[in-house]
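Listed below, chain by chain, are the residues.
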Amino acid sequence: MSQIQARFFTEDKRYVVDDVPFSIPAASEVQDLSNVINKLLEAKNASHSKVDFDFLVRGQFLRTSLSTHMATEGISTEEVVEIEYVERITAPEPEECMMHDDWISSVDADAEWILTGSYDKTARIWSTEGKPAMTVAGHTDVVKDVAWVKREGLTSLLLTASLDQTVLLWEWNSERNKVKARHCCRGHAGSVDTISVDPTGTKVRLERARQKLKRQQRTPLMTLSGHSEAVSSVLWCDSEEVCSASWDHTIRIWDVDTGGMKTTLTGSKVFNCISYSPLCRRLASGSTDRHIRLWDPRTKDGSLVLLSLTSHTGWVTAVKWAPSHAHQLVSGSLDNLVKLWDTRSCKAPLYDLAAHEDKVFCVDWTESGLMLSGGADNKLYTYRYSAQQAEA
Amino acid sequence: MERALQQIFNFNRKPADEDKDDDLSDSEDSVYSGLEDSGSDSEEEEGSDDDEEEGSDDNDDKMKEKKEGEVSEEKKKHEYEHDSSDEEDIRNTVGNIPMEWYKDFPHIGYNLDGKKIYKPIRNKDELDDFLDKMENPEYWRTVHDKQTGSDVVLSDDQVELVNRLQRGQFGDVNFNECEPMVEFFSSDVMIHPVTNRPADKRSFIPSLTEKEKVSKLVHAIKMGWIKPRRVEDDGRGRYYNLWASEDSSILARHKMHLPAPKIPLPGHHESYNPPPEYLFTDEERALWEQQDPADRKLPFVPRKYSSLRQVPAFSQFIHERFERCLDLYLCPRQRKMRVNVNPEDLIPQLPKPKDLQPFPTTRSLVYRGHSGLVRSISVSPSGQWLASGSDDGSVRFWEVCSSRCMKTVQVGGAVKSVAWNPNPSVCLLAVALDSVVLILSPSLADKQVILSSERLLSAQQEGEEPAEGNGSVVWSEAEGEELNQGLRLKIQHPKAVHQVVWHAKGDYLASVMPDNTSHLQVYIHQLSRRRSQNPFSRNKGLVQCISFHPIRPYFFVATQRSIRIYNLVKQEMTKKLQTNSKWISSMAVHPGGDHVICGSYDCKLSWFDLDLSTKPYKMLRHHKKAVRGVAYHRLYPLFASASDDGSVIVCHGTVYNDLLQNPLIVPVKVLRGHVMTHDLGVLDVTFHPTQPWVFSSGADATICLFT
């Protein structure tokens, strides 16, 4: 049995072991390595309780035996291998199931409240424990997207976008549980499919399904035209940049100060959704060809696909980066599955969440450790995931 | 002969010449002493033979005889005795001269001693000769010796010898001419070699003289004195193809000649005494008699006869020969030319489907909600909405990207056809059911668009009252509850409407009422003026479907077997396309307007290039069952056909602006997703206006989106 010289390290202060090379069997798998680390930690600290670890060899998760992995990655077995270990991400645990009257089109959650938009022309506010707090009714058509704008004490501002070509700005007082429509934003010549709120919470960017993007507070501040087909998703990268994905196979990045287009990323299929992570500065896009692609929005040539995550069997309708983790993202698809990904393990998702019985339309994370997904089975599922390892 | 004569001549002197015997004995001694002695002996004899003709020859013969004599001495001895007899002749030494030279002399020559030989006294004249002839019984054997001038009477032996020689026999009676030959060389390998001499040394070493010769030749060649022989070119002139000028067709015919097949040899059945198993049993015979003569395995009944004598004449002989002749001349015999063609080579060079992307490949969404078979679907020009009409009496509107049914309109009848107004600035849907065409305003668009479409519908109202040119079509407004559902207009037709299509501008729509007996099969309605007209005054057959040209004022009408193209401005027929199919089911016009595809109930899809011909440019027979619907994509070079076999076949069809280049048609994908219901599969197919996606509606009450 061949042996491999390996040095283990971690960034987690709780689980540090001595920085000495070990000789380990080449055929050892994740569980074997995890046992080794646990033994070492026990020797160091008698009160250590067993923890499952995952191992990274040169930034890639170890999924097979060590020798196979090194052979496929082309890593020499002659030298000492640096193996990083992290605490294994435990499977997200389903917590609540919130029943709606109709399909759920969108979800936005913050630390306390969950906002959902539904095909029954209403938006609903739920507590994170799954208790309905408020139903926001006012649209004359399907609510396609919802967003929290800001919260000041008990008063929150929220936005709902609908197929009736309007975006409504609501003020909601959680104590009195009253909701009041503050503004009605018109200007789209088509249904409004997606909205996005500036990180600072003062400007709203809203999107519509036809060719033009509008950015507005009460009346549109700016119209971003360029897409030749429906815009499916829009978001703020930072306070100066807006990113939009469209059915015309492009992702465009706009400068909000000038209203001009900065970069165009061209794909080959319709984009359904995008998400941007400020932690790793990557764009993730879900498209109709079942792939999740990662993009670098700063590239100038505009067509670089960094990584493609393939496991879904239907259109990818929702994708969201983890708010506190640089490598994790969650995706929802028409094949009824929600998948949790780690970009360091691009061959297969970390976990499949098969709670939904019908198409998944929206996913979201909260920083408090909740993952949410809603879809055509009228249910909004929440999952508790291990959010403590904010190593990035 | 001469020698024999000499012997004859000498015989009679033999007794007189005994004195020579010593010489003979000497010569015999010399035989024993060696060849040299016999040579000297022969010289001596030569001298004595001088008077004879060809004495030397004689001598040689004797030498040979002496050599042979070494083998049998006894015989030789005897021979020499004979020889010695003519040695002691009184020789005339004058030699071989004409004897008339001595005519005037008393002597005739000289003997060995130089004395004159005198002529015998010849006084015989003719008379004496005659008397002698008459009286002398020895006359016939008397010969005249010229050399001595005397007459000699031949003895009996001599006469016998002459007779033998005249008969061509050997002179010696005792000579056996048929003695067995002893072969010197034979095929038998003897134990002793012919010669046992060891090989010479010179046969082992290279010859110096030859070397010298060769070196001389080489030097001469080098110096150019000798030219090496040029290699002769045999290819030209010496040989030629004797049959080159012959007609190749004759040769080919000869080559193709096939001998007539042989009649099979008779078997046991035909025997006059066949083994019992070949004879018919009663059942077999009955069966044989029942069968048609053409079906019989044997053309006769095997029979058994006790002997060949009793076999009667073959009654079928003439018939059999006749059949044989018929076989020979009615059945042409020819060699089958097997062409060795690789089947791969026959397939035209088509690009791989992979290179022709994008095209729909997988079923992405299923739109469920209808309870009856979905006959017709249509996508809004924006690509956001999908309308479907079903046999359950409802028209549904779907959001394309989520498969959400946004709206259901109950129209109260099986919907035959739905068509979305292609003009993006109005949002209207035409629905055909029973004998009504409904105009729906689904209000699934921008408010401005909805307003403009309402305006279009109501424009007529302020003007003059609806006046129909022909009273058969009635326009009426929807009222009450129907208005809330989105119904705006009803166009009542005299007969059941099967199809409704819009003109590209969105103001005109045409409807089909198939009816074999009437010329009122097609109506063209103008929405803004609420006017209907029947463009055709004559019945050209059962109209199946119609279509407007996307750009030019042409109108396509498909009847059962052909497609007619009318110019609406000039009001005349410009072209008639022959489809070669039995019953057209559907038709689609390329967005460029120069190509038409046409599906038929006999499983065929025909592509027409209007610039090329009125015959199909290509016939695609990929479907197993009737083709129900065909569609072109508005932007991508794609077309699709839907069939009762439950599949949608997507083909790539690139059209070139270059008139010389034919369209490139490649089938790229078979899409399956519908469940067969009541033997019906897919009923309608349509493309998304902007994406390479195809929608299909099936008899299983679902609509599928393939992307």
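In this text the structure is predicted, and so the values were computed from the model without any measurement.

Calculation rules
- Residues numbered from 1 in each chain as written.
- Chains lettered and ligands numbered in written order.
- Predicted model: local features only at pLDDT ≥ 70, side-chain atom pairs only at ≥ 80, totals over all residues.
- Heavy atoms only, no water.
- Helix = DSSP H or I, 4+ residues; strand = E, 2+ residues; numbered from the N terminus.
- Contact = heavy atoms within 4.5 Å.
- Areas by Shrake-Rupley, 256 points an atom, 1.4 Å probe, with all protein chains shown as cover.
- Buried < 20%, exposed > 50% of the residue type's maximum accessible area, 1.4 Å probe, protein only.
- Pairing = 2+ DSSP bridges.
- Axes fitted to C-alpha atoms, helices over the stretch in contact; angles between N-to-C directions.
- Buried area = accessible area lost by both parts, 1.4 Å probe.
- Salt bridge = Lys/Arg side-chain N within 4 Å of Asp/Glu carboxyl O.
- Polar contact = N/O pair within 3.5 Å; in protein donor to acceptor, adjacent residues only side chain to side chain.
- Nonpolar A, V, L, I, M, F, W, Y, C, P; charged D, E, K, R; others polar.
- UniProt positions renumbered as here; feature names shortened; annotations may be inferred.
- Patch = residues over 30% accessible without salt bridge, like charges linked within 9 Å, V, L, I, M, F, W, Y side chains within 5 Å.

### Here we look at the overall build of chain A
If you tally the helices and strands in chain A, you get two helices and 33 strands. Of the contacts made within chain A by residues no fewer than 6 positions apart, 44% connect residues no fewer than 24 positions apart. Working note: accessible area of chain A is about 15800 Å², and carbon and sulfur atoms make up 47% of it.

### Comments concerning the overall build of chain B
Assigned secondary structure in chain B consists of 14 helices and 33 strands. Taken over 707 residues, chain B has a buried fraction of 39%. Of the contacts made within chain B by residues no fewer than 6 positions apart, 49% connect residues no fewer than 24 positions apart. In the structure as shown, chain B presents an accessible area of about 43600 Å², 53% of it carried by carbon and sulfur atoms.

### Points about the sheet that holds strand β12 (residues 155–162) of chain A
All names here are of chain A. In space, the four strands of this open sheet follow the order β11-β12-β13-β14, with antiparallel pairing throughout. The two strands at the open ends of the sheet, each matched to only one other strand, are β11 (143–152) and β14 (178–185). Direction aside, the axes of adjacent strands within the sheet are offset by 20° on average. Pairing of strand β13 (residues 167–173) with β14, which is carried by seven bridges, proceeds in the antiparallel orientation. Of the residues in β14, the one forming a bridge with W170 is A181.

### Quick word on the interface of chain B and chain A
Contact residues are listed per partner, giving 23 residues for chain B and 25 residues for chain A. Roughly 1900 Å² is buried in total at the junction of chain B and chain A, and carbon and sulfur atoms are behind 52% of that figure. Taking the shortest distance from any N to any O, the salt bridge between B:R404 and A:D102 comes out at 2.5 Å. Between the two partners, chain B and chain A, sit nine residue pairs in polar contact (both at pLDDT 80 or more). Elements represented by at least two residues in the side of chain B that touches chain A include exactly β5 (363–368) and β9 (404–410) of chain B. Broken down by class, the residue content of the side of chain B that touches chain A amounts to eight nonpolar, 11 polar and four charged.

### Quick word on the environment of B:S511
Secondary-structure assignment places B:S511 in strand β16 (residues 508–512). Engagement of the side chain of B:S511 in a polar contact is seen with the side chain of B:H525, the distance being 3.0 Å.

### Some thoughts on the sheet that holds β5(B)
Residues and elements named next belong to chain B. If you walk across this open sheet you meet the four strands as β5-β33-β32-β31, and the pairing is antiparallel. The sheet is open, and its two edges are formed by β5 and β31 (682–687), each paired on a single side. Here the strands of the sheet are splayed against their neighbours by 20° on average, with no regard to which way each runs. Across five bridges, β31 lies against strand β32 (residues 694–698) in antiparallel orientation. Within the sheet, the bridge partner assigned to V682 lies in β32 and is G698.

### Re the pattern of salt bridges
All names here are of chain A. In the structure shown here, the tally under the stated rule is 20 salt bridges over all chains. Salt-bridge contacts for D296 lead to R282; the nearest nitrogen and oxygen are separated by 3.9 Å. Within this pair, whereas D296 is found in the loop between β25 (291–295) and β26 (305–310), its partner R282 is found in strand β24 (residues 282–287), the two being separated by 14 residues in sequence. Assessed through its relative accessible area of 13%, D296 is described here as buried. Judged by its relative accessible area of 24%, R282 is partly exposed. The partner of D289 in a salt bridge is R293, with the nearest N and O atoms 3.0 Å apart. Like R293, D289 is buried.

### Considerations on the UniProt feature "repeat: WD" (unreviewed entry) in chain A
Residues and elements named next belong to chain A. Here the UniProt-annotated "repeat: WD" (unreviewed entry) positions come out as residues 136–180, 224–264, 274–296 and 309–345. Helix makes up 0% of residues 274–296 and strand 65%, whereas the separation of the span's terminal C-alpha atoms amounts to 12 Å. Helix makes up 0% of residues 309–345 and strand 51%, whereas the separation of the span's terminal C-alpha atoms amounts to 9 Å.

### Quick look at a nonpolar patch on the surface
A cluster of nonpolar side chains, namely B:L217, B:I221, B:M223, B:W225 and B:I226, defines an oily patch on the protein surface of about 510 Å² accessible area. When you line up the elements, B:M223 lands in helix α8 (residues 208–223).

### A look at the environment of B:A445
You can see B:A445 is positioned in the loop between β12 (436–440) and α13 (447–462). A relative accessible area of 28% means that B:A445 is categorised as partly exposed. With 65 residues separating them in the primary sequence, B:A445 and B:S380 have C-alpha atoms 9.8 Å apart. The contact partners of B:A445, leaving out residues within four places of it in the chain, are A:Q165, B:C427 and B:I450.

### As for the side chain of A:S277
Mapping A:S277 onto the fold places it in strand β23 (residues 271–277). Apart from residues no more than four positions distant in its own chain, A:S277 is found in contact with A:R282 and A:W321.

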